[in-house]
Amino acid sequence: VSGHLRGFANVPGCQKLGSVWDNAIACESQIRRLNVWAGNIGIINITGPGYLPKEEMNMDRPVNGMDAGLMYYEDNFGTEVKGYGAPLLVGGNYTITGPWTGDVSFEFSDNIFEEELYNTSESVSLKIYNYSKIVTLNVSGIVSRSQPNQPD
């Protein structure tokens, strides 16, 4: 992961690499991307392994607090694919908080990647908090967006 996400260097089995690797952080555990497909609902926040407490976040550019799990809306230069994204450790336990409105879909990893290369289902435990209640999902890439993940 990017060396700007300093909290990953604190995870057991992860270490900061040298300048030849642009000071990235490498982990023995697998890391995949969490996608949150949604309209622009403002900044959302993820907490869990690899992310710093808010008191330690770097608000300077280009980090903008992403080292503490702040997730910003990405319009991907006006393409149809829009939403939020962040790297997570496979099998990790995370909490994501936001003002959830409208259609929101959570996807972890990539279903094509999983089916073609590993034929497994990588997942992460995700507690979704909307300021009034918590829903827990096991999110993976194997589930298509037309068949969304259902609460446990």
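Quick caveat, the model's predicted, so the values are computed rather than measured.

Our next topic: the pairing of strand 8 (residues 105-108). Looking down a regular strand, the side chains alternate between one sheet face and the other. Alternating positions in strand 8 separate into two faces, S105 and E107 on one and F106 and F108 on the other, with burial throughout. One ladder, built from four bridges, connects strand 3 (residues 31-37) with strand 8; its direction is antiparallel. Of the residues in strand 8, the one forming a bridge with L34 is F108.

Moving on, we come to the pairing of strand 3. Most of strand 3 sits inside the fold, with five of its seven residues counted as buried. With seven bridges connecting them, strand 3 and strand 6 (residues 83-89) associate as antiparallel partners. The residue bridging R32 from the neighbouring strand is L88, located in strand 6.

Our focus in this paragraph is the confidence of the model for the chain. Summing up the model confidence of the chain, the mean pLDDT is 85 and the portion of residues at 70 or higher is 80%. Counting interchain partners and residues more than four positions distant, the pLDDT-below-50 stretch residues 143-152 has 17 contacts.

The next subject is unusual backbone geometry. For the peptide bond that leads from R61 to P62, omega is 5°, which places it in the cis range. Among the structural elements, P62 can be located in the loop between strand 4 (44-47) and strand 5 (70-71). Non-glycine residue D22 carries a positive phi angle of around 60°. Assignment of secondary structure puts D22 in the loop between strand 1 (14-16) and strand 2 (25-27). Exposure remark for D22: the relative accessible area of 66% places this residue in the exposed category.

With that settled, the discussion passes to the sheet that holds strand 3. Pairing within the open sheet is antiparallel, and its three strands lie in the order 6-3-8. If you trace the sheet from one side to the other, it starts and ends with strand 6 and strand 8, each paired once. Within the sheet, the average angular offset between the axes of one strand and its neighbour, ignoring direction, is 20°.

With respect to the helices and strands, M66 occurs in the loop between strand 4 and strand 5. The sequence separation of M66 and R6 amounts to 60 residues, and the corresponding C-alpha distance is 9.7 Å.

Within the largest apolar cluster, 27 residues are counted, with the highest numbers of intra-cluster contacts made by L34, V36, I46, I96 and L126. For this core, the elements supplying multiple residues, two or more each, are strand 2, strand 3, strand 4, strand 6, strand 7 (93-97), strand 8 and strand 9 (123-129). Here this core gets four residues from one element, more than from any other, and that element is strand 6. In this structure I46 touches L34, Y51, A68, G69, M71, L88, Y94, T95, I96 and L126, once residues within four positions along its chain are discounted.

On to the side chain of E107. Mapping E107 onto the fold places it in strand 8. Residue class for E107 comes out buried when judged on its relative accessible area of 10%. Within the local environment of E107, its side chain forms a polar contact with the side chain of W37, the two groups lying 3.3 Å apart.

Its location among the elements puts N40 in the loop between strand 3 and strand 4. In this structure N40 comes out as exposed when scored by relative accessible area, which is 54%. A C-alpha to C-alpha distance of 5.8 Å links N40 and Y73, two positions 33 residues apart in sequence. Not counting residues within four places of it along the chain, the set of residues in contact with N40 comprises Y73 and Y84. There is a polar contact of 3.0 Å between the side chain of N40 and the backbone nitrogen of G42.

About the thresholds
- Residues numbered from 1 in each chain as written.
- Predicted model: local features only at pLDDT ≥ 70, side-chain atom pairs only at ≥ 80, totals over all residues.
- Heavy atoms only, no water.
- Buried < 20%, exposed > 50% of the residue type's maximum accessible area, 1.4 Å probe, protein only.
- Helix = DSSP H or I, 4+ residues; strand = E, 2+ residues; numbered from the N terminus.
- Pairing = 2+ DSSP bridges.
- pLDDT = per-residue confidence, 0-100.
- Contact = heavy atoms within 4.5 Å.
- Axes fitted to C-alpha atoms, helices over the stretch in contact; angles between N-to-C directions.
- Core = buried A, V, L, I, M, F, W, Y, C linked by side-chain atoms within 4.5 Å.
- Polar contact = N/O pair within 3.5 Å; in protein donor to acceptor, adjacent residues only side chain to side chain.

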